[in-house]
Amino acid sequence: MLFDIRPKTRREELYDFDRELEELTKGIKLNPLTIVIGIRRSGKTSLLRVALNEIGYPYIYVDPRFSEAPTYRDFAYILRDSLEDFLGRYGDLRERIIKFLRSVRGVSISTPGFSVEVSWRGSERLELGELLVALNSLGGISVSPLS
Ligand SMILES: Nc1ncnc2c1ncn2[C@@H]1O[C@H](COP(=O)(O)OP(=O)(O)OP(=O)(O)O)[C@@H](O)[C@H]1O
Ligand SMILES: [Mg+2]
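Just so you know, these numbers come straight off a predicted model, no measurement behind them.

Asker: I keep staring at the domain arrangement of the protein chain and nothing clicks. Help me out?
Answerer: Put simply, an interface is often sized by how much accessible area is lost when its parts join up. In terms of domain boundaries, the protein chain breaks down into domain 1 (11-55) and domain 2 (72-139). Just the C-alpha atoms count here: the centres of domain 1 and domain 2 sit 26 Å apart.

Asker: Mind showing me how you'd approach the side chain of Arg94 here?
Answerer: Here Arg94 shows up in helix α4 (residues 94-102). For the buried Arg94, which has no salt bridge, the nearest side chain bearing the opposite charge is Glu95, at an N-O separation of 6.9 Å.

Asker: Explain the site of ligand 1 here, please?
Answerer: Ligand 1 sits among 18 residues. The nearest are Lys8, Arg40, Lys44, Thr45 and Ser46. In this structure, Tyr15 approaches ligand 1 through a main-chain N or O atom, which is 2.8 Å from a nitrogen atom. Within the side chain of Lys44, one N or O atom sits 2.7 Å away from an oxygen atom of ligand 1. Here ligand 1 occupies the largest pocket. Split by residue class, the shell around ligand 1 holds six nonpolar, four polar and eight charged.

Asker: What is the right way to look at the pattern of salt bridges in this model?
Answerer: For the structure on display, the rule yields eleven salt bridges. A salt bridge links Arg125 to Glu127; the shortest N-O distance between them is 3.8 Å. Residue Arg125 is classed as partly exposed on the basis of its relative accessible area, which comes to 29%. Residue Glu127 is classed as partly exposed on the basis of its relative accessible area of 32%. Overlapping salt bridges, with partners in common, bring together Arg10, Glu12 and Glu13 in one network.

Asker: What exactly am I supposed to notice about the environment of Ile5 here?
Answerer: Turning to its location among the elements, Ile5 is positioned in the segment before α1 (18-30). When its relative accessible area of 73% is taken as the criterion, Ile5 is described as exposed. In this structure, the C-alpha to C-alpha distance between Ile5 and Arg94, residues 89 residues apart in sequence, is 30 Å.

Asker: What exactly am I supposed to notice about helix α2 (residues 44-55) here?
Answerer: Residue pairs spaced three or four apart in an α-helix point in one direction, given the helix's 3.6 residues per turn. Over its twelve residues, α2 runs 17 Å from end to end, which matches the ideal 16 Å to within 8%, given 1.5 Å per residue. When α2 is considered as a whole, its buried residues turn out to be Ser46, Leu47, Arg49, Val50, Ala51, Leu52 and Ile55. Its buried side turned inward, α2 meets α1 and α3 (72-89). Where α2 terminates, the next one or two residues include Gly56, which has phi positive at roughly 85°.

Reading guide: rules and limits
- Residues numbered from 1 in each chain as written.
- Chains lettered and ligands numbered in written order.
- Predicted model: local features only at pLDDT ≥ 70, side-chain atom pairs only at ≥ 80, totals over all residues.
- Heavy atoms only, no water.
- Domains from an automatic or database assignment.
- Helix = DSSP H or I, 4+ residues; strand = E, 2+ residues; numbered from the N terminus.
- Buried < 20%, exposed > 50% of the residue type's maximum accessible area, 1.4 Å probe, protein only.
- Lys, Arg positive; Asp, Glu negative; His and termini not counted.
- Salt bridge = Lys/Arg side-chain N within 4 Å of Asp/Glu carboxyl O.
- Near = heavy atom within 4 Å.
- Polar contact = N/O pair within 3.5 Å; in protein donor to acceptor, adjacent residues only side chain to side chain.
- 1 Å grid on protein atoms, 1.4 Å probe; cavity = no way out; pocket = protein on both sides within 12 Å on 5 of 7 lines; lining within 4 Å.
- Sits in = over half its atoms within 2 Å of the grid points.
- Nonpolar A, V, L, I, M, F, W, Y, C, P; charged D, E, K, R; others polar.
- Expected span 1.5 Å × (residues − 1).
- Contact = heavy atoms within 4.5 Å.

So this is what it looks like as C-alpha coordinates:
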(Lines give C-alpha, C1' and ligand atoms only; values in the text may rest on other atoms or scores of the structure.)
(Ligands and ions follow the chains in the order given, each with its own letter.)
Protein backbone atom coordinates (compact mmCIF):
# COMPACT_ATOMS: atom_id res chain seq x y z
CA MET A 1 0.00 0.00 0.00
CA LEU A 2 1.56 3.27 -1.14
CA PHE A 3 0.58 5.24 1.97
CA ASP A 4 1.62 2.65 4.52
CA ILE A 5 3.91 4.37 7.05
CA ARG A 6 6.26 1.36 7.22
CA PRO A 7 9.19 0.93 4.83
CA LYS A 8 8.19 -0.75 1.58
CA THR A 9 9.56 -4.17 0.66
CA ARG A 10 8.25 -4.82 -2.87
CA ARG A 11 9.01 -3.04 -6.14
CA GLU A 12 5.30 -2.42 -6.93
CA GLU A 13 5.02 -0.38 -3.74
CA LEU A 14 8.01 1.79 -4.49
CA TYR A 15 7.34 5.10 -6.22
CA ASP A 16 9.74 6.71 -8.69
CA PHE A 17 12.89 4.89 -7.59
CA ASP A 18 13.64 2.88 -10.73
CA ARG A 19 17.03 4.43 -11.39
CA GLU A 20 18.07 4.31 -7.73
CA LEU A 21 16.94 0.70 -7.48
CA GLU A 22 18.98 -0.24 -10.50
CA GLU A 23 22.07 1.56 -9.16
CA LEU A 24 21.74 0.07 -5.70
CA THR A 25 21.24 -3.44 -7.08
CA LYS A 26 24.38 -3.03 -9.16
CA GLY A 27 26.26 -1.63 -6.16
CA ILE A 28 25.32 -4.53 -3.91
CA LYS A 29 26.30 -7.09 -6.52
CA LEU A 30 29.60 -5.50 -7.49
CA ASN A 31 30.97 -3.84 -4.35
CA PRO A 32 31.76 -5.05 -0.86
CA LEU A 33 30.41 -1.80 0.60
CA THR A 34 27.56 0.34 -0.68
CA ILE A 35 26.19 3.33 1.19
CA VAL A 36 22.73 4.81 0.78
CA ILE A 37 22.41 8.34 2.09
CA GLY A 38 19.46 10.70 2.13
CA ILE A 39 17.47 13.00 4.39
CA ARG A 40 15.07 11.57 6.97
CA ARG A 41 12.05 9.69 5.63
CA SER A 42 13.21 9.92 2.03
CA GLY A 43 12.88 6.18 1.42
CA LYS A 44 16.37 4.78 2.15
CA THR A 45 15.15 1.74 4.05
CA SER A 46 12.41 1.05 1.51
CA LEU A 47 14.88 1.23 -1.35
CA LEU A 48 17.33 -1.04 0.45
CA ARG A 49 14.75 -3.66 1.38
CA VAL A 50 13.29 -3.82 -2.12
CA ALA A 51 16.78 -4.15 -3.61
CA LEU A 52 17.77 -6.92 -1.19
CA ASN A 53 14.54 -8.82 -1.74
CA GLU A 54 14.94 -8.58 -5.51
CA ILE A 55 18.56 -9.73 -5.51
CA GLY A 56 17.64 -12.73 -3.41
CA TYR A 57 20.92 -12.98 -1.49
CA PRO A 58 20.43 -14.01 2.11
CA TYR A 59 20.77 -10.86 4.21
CA ILE A 60 20.55 -9.67 7.78
CA TYR A 61 18.90 -6.34 8.37
CA VAL A 62 20.25 -4.44 11.38
CA ASP A 63 18.57 -1.20 12.38
CA PRO A 64 21.06 0.41 14.77
CA ARG A 65 18.81 3.16 16.04
CA PHE A 66 19.98 3.61 19.60
CA SER A 67 18.71 5.69 22.45
CA GLU A 68 20.88 8.59 23.55
CA ALA A 69 22.92 6.52 25.99
CA PRO A 70 22.93 3.01 24.59
CA THR A 71 23.94 0.10 26.78
CA TYR A 72 25.30 -3.30 25.85
CA ARG A 73 21.81 -4.64 26.39
CA ASP A 74 20.36 -2.25 23.75
CA PHE A 75 23.01 -3.43 21.35
CA ALA A 76 22.30 -7.12 22.10
CA TYR A 77 18.55 -6.62 21.67
CA ILE A 78 19.01 -4.98 18.28
CA LEU A 79 21.04 -8.02 17.16
CA ARG A 80 18.45 -10.38 18.64
CA ASP A 81 15.68 -8.72 16.58
CA SER A 82 17.83 -8.86 13.46
CA LEU A 83 18.60 -12.55 13.94
CA GLU A 84 14.94 -13.37 14.52
CA ASP A 85 13.97 -11.51 11.36
CA PHE A 86 16.74 -13.35 9.49
CA LEU A 87 15.55 -16.77 10.70
CA GLY A 88 11.95 -15.93 9.84
CA ARG A 89 12.78 -15.11 6.23
CA TYR A 90 14.63 -18.30 5.25
CA GLY A 91 12.51 -21.31 6.10
CA ASP A 92 14.55 -23.52 3.78
CA LEU A 93 17.91 -22.47 5.26
CA ARG A 94 16.70 -22.41 8.84
CA GLU A 95 18.34 -25.59 10.10
CA ARG A 96 21.66 -24.48 8.70
CA ILE A 97 21.36 -21.00 10.15
CA ILE A 98 20.48 -22.40 13.57
CA LYS A 99 23.46 -24.72 13.51
CA PHE A 100 25.82 -21.78 12.98
CA LEU A 101 24.12 -19.47 15.44
CA ARG A 102 24.13 -22.08 18.17
CA SER A 103 27.91 -22.13 18.00
CA VAL A 104 27.99 -18.49 19.11
CA ARG A 105 28.40 -17.87 22.82
CA GLY A 106 25.50 -15.91 24.28
CA VAL A 107 23.00 -16.82 21.56
CA SER A 108 20.22 -19.32 22.13
CA ILE A 109 17.38 -20.28 19.85
CA SER A 110 14.25 -21.98 21.03
CA THR A 111 11.98 -24.07 18.87
CA PRO A 112 9.18 -24.18 17.90
CA GLY A 113 8.72 -20.53 17.08
CA PHE A 114 12.45 -19.91 16.47
CA SER A 115 12.71 -17.14 19.00
CA VAL A 116 16.21 -15.88 19.67
CA GLU A 117 17.64 -14.92 23.05
CA VAL A 118 20.86 -13.01 23.37
CA SER A 119 22.75 -12.81 26.62
CA TRP A 120 24.10 -9.34 27.34
CA ARG A 121 25.95 -9.74 30.63
CA GLY A 122 28.32 -12.03 32.46
CA SER A 123 30.93 -14.32 31.00
CA GLU A 124 28.39 -15.82 28.63
CA ARG A 125 27.45 -12.57 27.00
CA LEU A 126 27.37 -12.30 23.24
CA GLU A 127 30.63 -11.30 21.62
CA LEU A 128 30.10 -9.54 18.33
CA GLY A 129 33.33 -10.97 16.89
CA GLU A 130 32.11 -14.55 17.40
CA LEU A 131 28.79 -13.75 15.79
CA LEU A 132 30.49 -12.21 12.75
CA VAL A 133 32.77 -15.23 12.37
CA ALA A 134 29.75 -17.57 12.47
CA LEU A 135 27.84 -15.46 9.95
CA ASN A 136 30.86 -15.33 7.70
CA SER A 137 31.09 -19.13 7.74
CA LEU A 138 27.38 -19.37 7.06
CA GLY A 139 27.72 -16.91 4.16
CA GLY A 140 30.53 -19.00 2.67
CA ILE A 141 28.34 -22.08 2.73
CA SER A 142 25.25 -20.38 1.31
CA VAL A 143 26.94 -19.25 -1.85
CA SER A 144 28.78 -22.48 -2.63
CA PRO A 145 27.14 -25.88 -3.21
CA LEU A 146 25.49 -26.86 0.06
CA SER A 147 26.85 -29.90 1.83
N1 LIG B 1 9.74 6.04 -3.13
C2 LIG B 1 8.83 5.69 -2.23
N3 LIG B 1 7.76 4.94 -2.58
C4 LIG B 1 6.84 4.58 -1.67
N5 LIG B 1 6.89 4.91 -0.36
C6 LIG B 1 7.93 5.66 0.05
C7 LIG B 1 8.96 6.07 -0.85
N8 LIG B 1 9.87 6.80 -0.17
C9 LIG B 1 9.45 6.83 1.10
N10 LIG B 1 8.26 6.16 1.23
C11 LIG B 1 7.48 6.03 2.46
O12 LIG B 1 7.93 7.07 3.33
C13 LIG B 1 8.13 6.59 4.64
C14 LIG B 1 9.62 6.64 5.00
O15 LIG B 1 10.31 5.66 4.23
P16 LIG B 1 11.57 4.89 4.77
O17 LIG B 1 11.37 4.42 6.16
O18 LIG B 1 11.93 3.90 3.72
O19 LIG B 1 12.60 6.13 4.73
P20 LIG B 1 14.01 6.30 5.44
O21 LIG B 1 14.77 7.27 4.58
O22 LIG B 1 14.65 4.97 5.69
O23 LIG B 1 13.57 6.94 6.81
P24 LIG B 1 14.47 7.16 8.13
O25 LIG B 1 15.34 8.36 7.82
O26 LIG B 1 13.46 7.46 9.19
O27 LIG B 1 15.27 5.91 8.38
C28 LIG B 1 7.52 5.17 4.66
O29 LIG B 1 6.15 5.27 4.91
C30 LIG B 1 7.72 4.72 3.22
O31 LIG B 1 6.81 3.72 2.93
MG1 LIG C 1 15.40 4.05 7.48
